Amino acid sequence: MENNIYWQLPGETLLSRLDTSMSGLSTAEAKNRLSKYGKNEISKAARTWLNILISQFTSPLILVLIVAALLSLFVASAMDSLIILIIVLINGLMGFYQEYKSAQTVEKLKQYISYHAKVLRDSREIEVNANELVPGDIVFIENGDKIPADIRLLAANNLSVDESLLTGEPYPAIKNAKLLEKEKPLVQELSNLAFMGTIVSEGEATGVVVGTGNSTELGKTAALMREVESESDFQKNIRKFGKTLTNIIVTVVILIFFVNAFLGKQWMDSFLFAVALAVGIIPESLPIIITISLSFGAAVLAKKNVVVKKLVSIEDLGNVDILCTDKTGTLTENRITLESFIDINGKTVPGLVEYGLVCNSAVELKGNPIDVAIRQYAKTNNFSAKGFVKLADAPFDYRRRMMSVLVQSDNKRLIITKGAVESVLKACTHIKVGKFTVPIKKFASAILEKNQVLGNQGYRVIGVAVKETAKARISKSDENAMAFVGFLVFMDPPKKSAKEYLEHAKHLGMKIKILTGDEPHTTIAIARQVGLEVDATRVLAGEQIEKMSEQELKNIADETVIFARINPEHKYRIIKALRESGHIVAYLGDGANDAPALKEADVGISVDSGVDVAKDAADIVLLRKGLDVVLTGVREGRIIFSNIVKYIVNTISANFGNMGTLGIISPFLSFFPLLPTQILLNNALSDTPMMAVATDTVDDSELKKPRRWNLSHIVKLSAFLGAISSVFDFVTIFVLLFVVNAGADMFRTAWFLESGLSEIIIVFAVRSRKPFFASKLPSKPLILVSLATIAVTLFIVQFSRIGQLFKFVPLPLGLLAAIAAILLAYFAVTELAKHLYYKYLQKDMV
């Protein structure tokens with residue numbers, strides 16, 4: 001059937017064309033259609049293994065090296081050329097293996113996050129994975145849902161949909177089930193269709209799936225809508241760091257090339273030496289190390305119920321110093337129960353349960369927790385709403401913070417309103433006291449006082465009001481001139497573990513702020529029960545925020561612990577204000593109203609049980625909601641950050657020390673201190689243990705506070721340690737030239753061994769601020785890979801034919817012992833220098 005008539009057909013005709021009915025498809029038929037139409041997924045331009053492999057050889061320096069090797073094939077040594085190409089190939093394949101493995105890890109993690117759709121199958125309402133929907137499925141959508149496919153609406157109640165993804169329009173589109181006669185309407189005009197990927201802003205509807213996967217409107221325009229992720233602060237600094245480093249290296253290497261060529265050395269040899277030196281200095285493995293570290297961290301977090309959608313958000317999570325969260329499910333058990341139903345005098349009013357049952361959005365025992373609690377209580381205690389017939393409703397929204405229903409009860413029609421006590425009170429002009437209905441003016445303060453007393457005890461209180469009407473339909477504007485009936489009193493007890501985890505957050509240098517739609521006094525009571533220090537005079541309510549300018553909010557947000565009675569716009573403004581004050585902010589939320597704040601936060605965290613729009617907006621999804629899960633993620637983020645900094649400091653200091661010394665002495669020797677092939681082999685071998693740094697342990701002292709990227713500190717430390725490396729390089733040169741009287745081959749072999757092993761060994765000094773014997777033991781992979789690389793290096797130099805290809809010669813035991821002594825002294829001096837650096841020169845690096 002052609003797409004261009006979906007909106008024109010009556011419901012029965014459309015169902016017939018799709019060979020379905022209002023009872024839905026059978027499981028067998030849905031399975032057949034899934035085979036025919038394929039999964040309900042939009043094809044993505046995934047990064048293939050070939051893309052990843054090619055990317056390993058597109059670095060400017062690698063390309064120059066390949067060109068140099070090819071030139072060398074014709075004008076110099078064919079063997080040298082072949083060795084260079086083999087080393088470049090091995091380096092590229094190692095990078096490909098690690099990056100491809102990391103990419104697969106991320107894809108597997110994303111499978112943990114599932115999007116479900118409510119659908120009729122075999123005449124029963126069930127939930128299925130959204131990718132299993134097929135044309136002809138009857139589906140149900142409601143507030144907060146992400147539309148799972150292109151759907152023709154068959155029935156809609158107060159439905160509006162955010163279609164900005166497709167249309168760019170900032171305001172929700174009003175939807176209904178009415179037929180359209182227009183032949184070729186625009187997407188914006190298709191009011192009886194809901195499109196895949198858009199979000200239900202309000203209301204609910206039933207519809208039939210008319211398009212899935214690539215045949216949806218979103219699928220057709222997917223090529224124009226590829227998601228481009230913005231760079232995090234860490235990514236920007238890494239890029240700037242790499243660019244600055246490359247500029248310095250290129251300048252120095254060009255200088256070395258011209259100096260050596262000017263002094264009479266072969267121009268091709270000088271060129272190969274200069275390029276190889278550049279490869280030896282630059283930390284070309286940094287992107288791979290970062291990817292490995294982040295993907296390794298993501299895999300670790302997945303085992304701890306944390307699924308990472310965006311890898312760099314792990315590092316951002318480690319930098320978080322403020323966590324904003326709702327109290328429900330984080331500080332409390334998220335198990336709301338109805339405790340009592342009373343009037344202004346505290347007398348039990350059973351009719352309040354009946355009102356709560358009919359003014360209720362829950363379906364059976366699913367939906368809003370307050371409404372579910374009422375239904376659960378009614379089911380357990382034999383309450384029912386049989387005396388009421390629901391005619392219409394005005395659904396709940398967060399701005400007015402209440403909902404209403406129109407019902408028929410005996411011979412009269414009633415509007416029943418339920419919501420936040422202050423909001424309901426504003427809609428009332430009278431109050432029911434016993435059998436009498438009297439003006440509310442004298443009782444208003446008593447109602448608010450009763451609400452506050454209950455709230456101060458940790459209860460959640462809902463107000464209920466009624467009025468008679470003759471209307472056939474209602475809207476929000478009918479919520480006036482009502483009579484206040486009483487209170488529905490609920491409790492969500494604090495988690496027993498909350499106090500312990502809040503103390504843990506404090507030790508991690510994080511502040512916790514509660515952003516809630518709940519009453520201030522209720523939130524204060526819960527906060528104090530779990531150990532949060534709260535000054536009641538420093539609690540901000542939504543009404544106060546509404547009147548504040550951005551600067552006023554920014555000035556007060558930092559010192560405020562509780563933000564109560566707030567709506568989505570307030571949450572967004574609070575997060576923005578905290579970020580503009582220089583904080584790294586994480587936001588934990590799982591509702592549709594949390595989406596703007598999740599997007600604005602440095603790290604948006606949602607829950608797999610949350611609504612689709614919240615999971616889409618989040619960077620990280622928790623498989624279980626809880627403060628302990630978030631803190632696990634923060635700790636892992638800090639470990640990853642520390643290990644990336646370890647790699648950078650170790651590699652930059654060693655490379656500049658070793659290769660810098662080579663560049664300095666090369667003009668003063670009659671031969672090149674290392675051949676290009678030897679430099680490349682040295683670089684490949686010394687980079688191998690660095691791959692295992694991602695798995696290394698980190699001292700607890702380095703996890704106690706958020707750590708942010710600080711380029712100047714890293715450069716200072718790298719330069720400091722690089723200078724020490726150069727000192728011992730010159731000691732080695734002195735021994736080789738003036739003690740041993742080494743020839744070219746022995747000089748190169750000894751220098752290769754000393755410079756390569758020093759970079760491997762020194763990582764065990766720079767991996768911690770503490771003395772090596774007082775820090776946590778290194779990870780097993782780091783120890784094993786380092787030992788294996790040392791063994792391979794010695795084997796190549798001393799015993800293998802491979803060493804002969806690289807023009808190495810076996811070294812005498814005396815020289816090996818001298819190199820071992822130099823390395824031991826280098827390690828000891830670095831340990832002492834590190835202690836002095838942190839104590840006197842830089843006490844607060846990164």
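Residues numbered from 1 in each chain as written. Predicted model: local features only at pLDDT ≥ 70, side-chain atom pairs only at ≥ 80, totals over all residues. Heavy atoms only, no water.

A closer look at the environment of L685
For L685, the position within the fold is in helix α24 (residues 676-690). Sequence spacing of L685 and L757 is 72 residues, and the spatial spacing of their C-alpha atoms is 9.2 Å. The contact partners of L685, leaving out residues within four places of it in the chain, are F752, T789, V792, T793 and I796. (Helix = DSSP H or I, 4+ residues; strand = E, 2+ residues; numbered from the N terminus. Contact = heavy atoms within 4.5 Å.)

Overview of the packing of helix α25 (residues 711-739) against helix α29 (residues 813-841)
Here α25 crosses α29 at 155°, and the two axes come no closer than 10 Å. Between α25 and α29, the crossing angle belongs to the class labelled roughly antiparallel. Handedness of the α25/α29 crossing: right-handed. Judged by residue contacts, H713, K716, L717, F720, L721, I724, S725, F728, V731, T732, V735 and L736 of α25 engage L815, I822, A825, Y826, V829, T830, A833, Y837, Y838 and L841 from α29. For the contact of α25 with α29, the per-class residue count stands at 17 nonpolar, 4 polar and 1 charged. (Axes fitted to C-alpha atoms, helices over the stretch in contact; angles between N-to-C directions. Parallel < 35°, antiparallel > 145°, perpendicular 65-115°, else oblique. Left-handed = near helix turned anticlockwise from the far one by under 90°. Nonpolar A, V, L, I, M, F, W, Y, C, P; charged D, E, K, R; others polar.)

Topic: the nonpolar core
Grouped burial of nonpolar side chains is what soluble globular proteins tend to show. Formed by 74 residues in total, the largest nonpolar core has its most connected members in I314, L323, L532, V534, I562, I605 and L622. Per element, the largest residue contribution to this core is 13 residues, and it comes from helix α23 (residues 627-665). Excluding anything up to four places from it in sequence, I562 contacts I514, T523, I524, A527, V534, R538, V539 and L540. L685, I733, W751 and V797 belong to the second-largest nonpolar core, a separate cluster that totals 28 residues. (Core = buried A, V, L, I, M, F, W, Y, C linked by side-chain atoms within 4.5 Å. Buried < 20%, exposed > 50% of the residue type's maximum accessible area, 1.4 Å probe, protein only.)

A word on the environment of S755
Relative to the helices and strands, S755 is located in helix α26 (residues 744-766). Given a relative accessible area of 0%, S755 falls into the buried group. When the C-alpha positions of S755 and A654 are compared, they lie 8.3 Å apart, and in sequence the two are 101 residues distant. Ignoring anything within four residues of it in the chain, the contact list for S755 reads N658 and N682. Among the polar contacts listed, one links the side chain of S755 to the side chain of N682, at a separation of 2.9 Å. At 3.3 Å, the side chain of S755 forms a polar contact with the backbone oxygen of F752. (Polar contact = N/O pair within 3.5 Å; in protein donor to acceptor, adjacent residues only side chain to side chain.)

Remarks on the packing of aromatic side chains
Here the structure, examined in full by the defined rule, presents 15 aromatic pairs. Each ring, one from F747 and one from W751, has its centre 6.4 Å from the other, and the planes form 0°; the classification is stacked. Of the two residues, F747 and W751 both sit in helix α26, 4 residues apart, roughly one turn of that helix. In terms of burial, F747 and W751 fall into one category: buried. Three or more aromatic residues joined by ring pairs make a cluster, and in this case those are F341, Y377 and F383. (Phe/Tyr/Trp six-rings, centres within 6.5 Å; stacked < 30°, edge-to-face > 60°.)

Some words on the sheet that holds strand β18 (residues 511-515)
Strand order in this open sheet of 8 strands is β8-β23-β22-β21-β9-β18-β20-β19, and the pairing throughout is mixed. Two strands close off the open sheet at either side, each with one partner strand: β8 (306-308) and β19 (540-541). As judged from the 2 bridges shared by β18 and strand β20 (residues 562-564), these two strands associate in the parallel manner. Each residue of the ladder has a partner; that of I514, found in β20, is I562. (Pairing = 2+ DSSP bridges.)

Structural notes on the pattern of salt bridges
Enumeration according to the criterion identifies 20 salt bridges in this entry. In this structure, R400 and E479 form a salt bridge, with 2.8 Å as the shortest nitrogen-oxygen distance. With R400 in the loop between β11 (389-397) and β12 (402-409) and E479 in the loop between β16 (459-469) and β17 (482-491), this residue pair connects regions lying 79 residues apart in the sequence. The same class applies to R400 as to E479, namely buried. Notably, a salt bridge pairs R579 with D602, separated by 3.1 Å at the nearest N-O pair. Residue R579 is located in helix α20 (residues 568-580), and its partner D602 is located in the loop between α21 (595-600) and β22 (603-607); the two are separated by 23 residues in the primary sequence. D602 sits in the partly exposed class, given a relative accessible area of 22%. It is possible to trace a salt-bridge network through shared partners that takes in D19, E29 and R33. (Salt bridge = Lys/Arg side-chain N within 4 Å of Asp/Glu carboxyl O.)

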